[in-house]
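Here is what each chain is made of, one letter per residue.
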Amino acid sequence: MIGRESLEHRETLDYSFLLLAHVICADQQLHDQELRFLEDLVERSHVRELTLAEMKKILERDDTQIPLEKSAQNVPIGERSEVLKKILMVAQVDGYFSGLEREIVNQIAQVWGIDKYQIEHMIKDAPRINNRAVSHNKTELSVRARFLKTAESMLSRRLINKIGQLTPGLEEKIEQVRREILLSGPEYDGAIQRCAKVAREDFRYADQSLRMVFSSLQELRHGLQHVIDTIKGKTVGKGEHQTAQEVANQLEQTQQKLSAEILRDLESVREALRAKERSLNHFSIAFMGRTKAGKSTLHAVITRGGWESIGIGKQRTTRYNRVYEWKNIRVIDTPGIGAPGGGGKTDEEVASSIVEESDVICYVVTDDSIQESEFAFLKLLKEKTKPLIILLNIQYNLREPQRLEYFLKNPERWFAKEGKSGIGGHLNRIKRYAQQHYPNDYLTVIPVMLLAAQLAQEPEFERYSKQLFAASRIQNFLDSIRTSLISHGAIRRSQTLLGSTGASINTPHQWITQQAKTYDTLGAQLRETRQGLDQRLKRAEGDYRRELEQKTREMFQTLFEQVNPFAEEHWKAKESEMKKDWKEVLRGLEFENQLRAAAENAAQRFQDEVREVIGEIADEFKIISQLQVSSFQFSGQSRSFIDFFDRDSVRTVGLLVAALGTTLVSIFPPLGLLSVAGGIVSFLAGLFQSRDKQRRKAVAKISSSLRKQLKKQQTRTLEQSQESFQNYCQSIAAAVDSYLEELIQGVEAIASQLKTAQEKLAHAANYLNCAYAKRIVDWATDQPGPLNDISISEKVHAVNRDFGRTLQIQTTLALPLTKSPEEICTILQEHVSIQHHLTLT
């Protein structure tokens, strides 16, 4: 039964359309043109409900969606060539074949066993579908606009202004109509063309800079690996070479963590470049904010329906970035900030992915719940130096007839700043919260009522349509966007392609600069500490050598005290018996064991001293590294990458010390057993002497002989133990010194690699900043010109940028600014100063 249901499911589903849905989602964006093209294919192919349901799961990022690989495997072999053509058409229908779309095509080709060269050929030959709905980009002039246009052609503009001043309310209406004419006329089209031209020139510089960064990061990664390989090359063998192996193992840990950060930077740079390329031909505005703030409503109002009018793209909650082209502006609706994520990337990550390509960010908040936490996302926008508009969506339920009537009587009361229901408190709170994460004085907050604008488009409220739309104040917002495009579109494009691209360089540059400083300081500090360590170990060696000598003398003194009693007891014994009994005395006192114990104790205490010293160094450098990185964090990192300098390093060197410690006992030669040898008067030789005299002479003789031998043995033991202990300490010190020298060289080699990368990234940043500065100077002086290396050097002398905060431009010539410093800072939403470099000296 299960197999039959599975077979029915397989026969019913059209997996080729599931692949098309996966391709559309590949770049985390659902473009209106792609969805329309897909819907057209669905209608012409009469796709069944089961397939549509599974496609919807993919478009909605449902966790239960059928994976890409499974969908590819179930496409019949005979249909794969035709399906691949459709995939390539869908991927490029929005005018851009992204790297992410290319990757997913390659994945499908791999499942199907299609050669990559064949895929490249198919991509090259894939038909380009021009599916752009031009009707959305054309605006019919109203009767009033056509009348005013005719009147101003027949009469003077000044006369029309006079008439407007004489009639109450007419002057404002004339300005509104003029703005309508402006946005529908050749000046708007010309602005669009200027934006496109500027973008193409700027992209060359953004592309070159990002490629320089990408190359530098790759070289840094390979350079770090070369450092480790060089150290490992010294480890063929044992003994002194073993220290290189230990150092290589330790440094390899930090190299791996550095490389992990570099890989993240590489991917970030790659994504930044893709985003710049994707946005090349459009002025883009992105709507962002928390879930249910009104972003999708705003999107629908602007686009007159947007995806809501598209069958398979219709959904209540945005889970991908949605793209719609409106009057030559690319409108992007994003998932809610803080919304729970599905599989793969979180909604916030999906929303963040479009920041690079957006010219303006419109951040939507509501008056019913303004939370400080929802403004934390603005930090990312400031880091990318993105111009920001905050839209305050005033929420009031207008669907009830009585509420609607009450609202339409006096809609202005809802926008009043003062009064009981005034929005002044909301505006102040928004600015206060926003400035904690987006600190500048150039923030714009626009109050609107999105529900009123939405109802104006619904048939049920058709008779109130004009009143609702006017009362919503949305037209002011829309006109300000398009007017801004005419006035500031070109500099906004430069801000996106040149200005904010600097963030893709600044982040890795800051991180590498900090790491280079940390490793450089560490290397210098290690060399200084190494000198102090040598002195400390010499003092420790002297102390423990003297203790060993004292302990040895004390033990021999115990033996000296045994001499007389032994002689008295053995004055009549034969020499062989005395030797045997003297051995028993030594054995009873555990003399040799105690001598060895004394030597091993001295060695152990020296080992402990070494471990303590190394532990203090580890703690010292751990504190240093924490102090150095306390003011800088990257990708959530709160500590330095110098992880080999912690207690694990003590364990590593401790193993080295312990290995040498086991050889200490073998360094000491056997002390030997003392014996009574030679010089003892034979018992027979004293036959003629009195017994007492014989005893005294024999005792004296034995005692003298033993003391003489003990003194000689003591001297030899002291010399040998001192020499052996000194050799041992020197071998330990040499091992530690060798370890530290290898470590210092490794640290300095890493610092050198980081410094080289730092210089290259600084060059890339300056290259980009000078290009951006040239665009700003052109705009601020109303002297636009082409962007190339020669034109940059002719106008820009130097640029000093504290990214996201200040931008100081020194010009080569004294240039008259046509825009005030306040206007420059307000438009760019960054503190920008322009001065002739000679006036600064």
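Note that the coordinates shown come from a computational prediction; the quantities given were computed from them, not determined experimentally.

Thresholds applied
- Residues numbered from 1 in each chain as written.
- Predicted model: local features only at pLDDT ≥ 70, side-chain atom pairs only at ≥ 80, totals over all residues.
- Heavy atoms only, no water.
- Helix = DSSP H or I, 4+ residues; strand = E, 2+ residues; numbered from the N terminus.
- Buried < 20%, exposed > 50% of the residue type's maximum accessible area, 1.4 Å probe, protein only.
- Contact = heavy atoms within 4.5 Å.
- Areas by Shrake-Rupley, 256 points an atom, 1.4 Å probe, with all protein chains shown as cover.
- Pairing = 2+ DSSP bridges.
- Axes fitted to C-alpha atoms, helices over the stretch in contact; angles between N-to-C directions.
- Core = buried A, V, L, I, M, F, W, Y, C linked by side-chain atoms within 4.5 Å.
- Nonpolar A, V, L, I, M, F, W, Y, C, P; charged D, E, K, R; others polar.
- Salt bridge = Lys/Arg side-chain N within 4 Å of Asp/Glu carboxyl O.

Asks: Please provide a residue-by-residue account of the overall build of the protein chain, values included.
Replies: Across its full length, the protein chain holds 29 helices and 10 strands. Within the protein chain, buried positions represent 50% of all 841 residues. For the protein chain, the proportion of contacts with a sequence separation of at least 24, taken over those separated by at least 6, is 80%. Of the roughly 41100 Å² of accessible surface on the protein chain, a fraction of 50% belongs to carbon and sulfur atoms.

Asks: Explain the side chain of S504 to me, and be specific about the residues and the numbers.
Replies: Locating S504 in the fold gives a position in helix 22 (residues 502-569). Setting aside anything within four residues of it in sequence, one finds S504 in contact with L210, V213, V269, A272, E356 and K384.

Asks: Talk me through the sheet that holds strand 7 (residues 444-448); I want residue IDs and the actual numbers.
Replies: Think of a sheet as strands paired side by side through backbone hydrogen bonds, with each pair either parallel or antiparallel. Judged by pairing direction, the sheet is mixed, and its seven strands sit side by side in the order 1-3-4-2-5-6-7 without closing on themselves. Edge strands, defined here as strands with exactly one partner in the open sheet, are strand 1 (29-31) and strand 7. Going from strand to strand, the sheet's axes swing by 25 degrees on average, the running direction of each strand aside. Sheet analysis places strand 2 (residues 283-289) next to strand 5 (residues 360-366), joined by five bridges and oriented parallel. Bridging across to strand 5, A286 finds its partner in I361. Its contacts with the sheet place helix 18 (residues 424-437) against strand 5, strand 6 (388-393) and strand 7, and it is angled at close to 145 degrees to strand 6.

Asks: Account for the nonpolar core, with residues named and values stated.
Replies: One finds F606 and I776 to be the most contacted residues of the largest nonpolar core, which totals 82 residues. At 25 residues, helix 27 (residues 691-781) tops the list of elements feeding residues into this core. With near-sequence residues (within four places) excluded, I776 lies in contact with I491, L807, I809, L828, V832 and I834. Residues I285, I389, L427 and A471 belong to the second largest nonpolar core, which totals 73 residues.

Asks: Tell me about unusual backbone geometry, residues and numbers included.
Replies: Phi angles above zero are rare outside glycine, and R61 is one such case at about 60 degrees. When you line up the elements, R61 lands in the loop between helix 4 (49-59) and helix 5 (68-73). Residue class for R61 comes out buried when judged on its relative accessible area of 5%. Although it is not a glycine, R473 sits at a positive phi angle of roughly 65 degrees. Structurally, R473 is set in the loop between helix 20 (465-472) and helix 21 (474-499). Assessed through its relative accessible area of 26%, R473 is described here as partly exposed.

Asks: How would you summarise the pairing of strand 4 (residues 329-333) if you had to cite specific residues and measurements?
Replies: Judged by how many residues are buried, strand 4 sits mostly within the fold: five of five residues are covered. One ladder, built from five bridges, connects strand 2 with strand 4; its direction is parallel. Within strand 4, the residue paired with S284 across the bridge is R330. Pairing between strand 3 (residues 321-326) and strand 4: five bridges, direction antiparallel. Directly across from E325, in strand 4, lies its bridge partner R330.

Asks: Residue-level account of the sheet that holds strand 9 (residues 806-811), with values.
Replies: Across the sheet, which stays open at both edges, the three strands sit in the order 8-9-10 with mixed pairing between neighbours. On the outer flanks of this sheet lie strand 8 (796-802) and strand 10 (831-836), each paired with one strand and no other. Shown here is a sheet whose adjacent strand axes are inclined to one another by a mean of 15 degrees, direction ignored. Pairing of strand 8 with strand 9 involves six bridges; the strand directions are antiparallel. Opposite D802, over in strand 9, you have T806 as the bridge partner.

Asks: Which residues make up the environment of I302, and what values go with them?
Replies: Position of I302 among the secondary structure elements: in helix 14 (residues 295-303). When its relative accessible area of 3% is taken as the criterion, I302 is described as buried. On a C-alpha basis, the gap between I302 and Q454 in space is 9.6 Å, while along the polypeptide they are 152 residues apart. The contact partners of I302, leaving out residues within four places of it in the chain, are F287, W326, V331, F477 and L478.

Asks: Any details on the packing of helix 3 (residues 32-45) against helix 6 (residues 80-92)? Residues and values, ideally.
Replies: It is at 8 Å that the axes of helix 3 and helix 6 come closest, and there the two elements cross at 145 degrees. In this structure, helix 3 uses E34, F37 and L41 to contact helix 6, whose residues at the interface are M89, V90 and A91. Its residues placed into classes, the contact of helix 3 with helix 6 shows five nonpolar, no polar and one charged.

Asks: Give a description of the pattern of salt bridges that names residues and reports values.
Replies: Enumeration over the complete set of coordinates arrives at 37 salt bridges. Between D543 and R546 there is a salt bridge whose closest N-O contact spans 2.7 Å. Note that D543 and R546 are positioned in helix 22 at a spacing of three residues, about one turn of the helix. K819 serves as the salt-bridge partner of D782, at 3.0 Å between the closest nitrogen and oxygen. Separated by 37 residues along the polypeptide, D782 in the loop between helix 27 and helix 28 (789-795) and K819 in the loop between strand 9 and helix 29 (821-828) bring together distant segments of the chain. The network of salt bridges with shared partners includes R527, R530, D737, E741 and E748.

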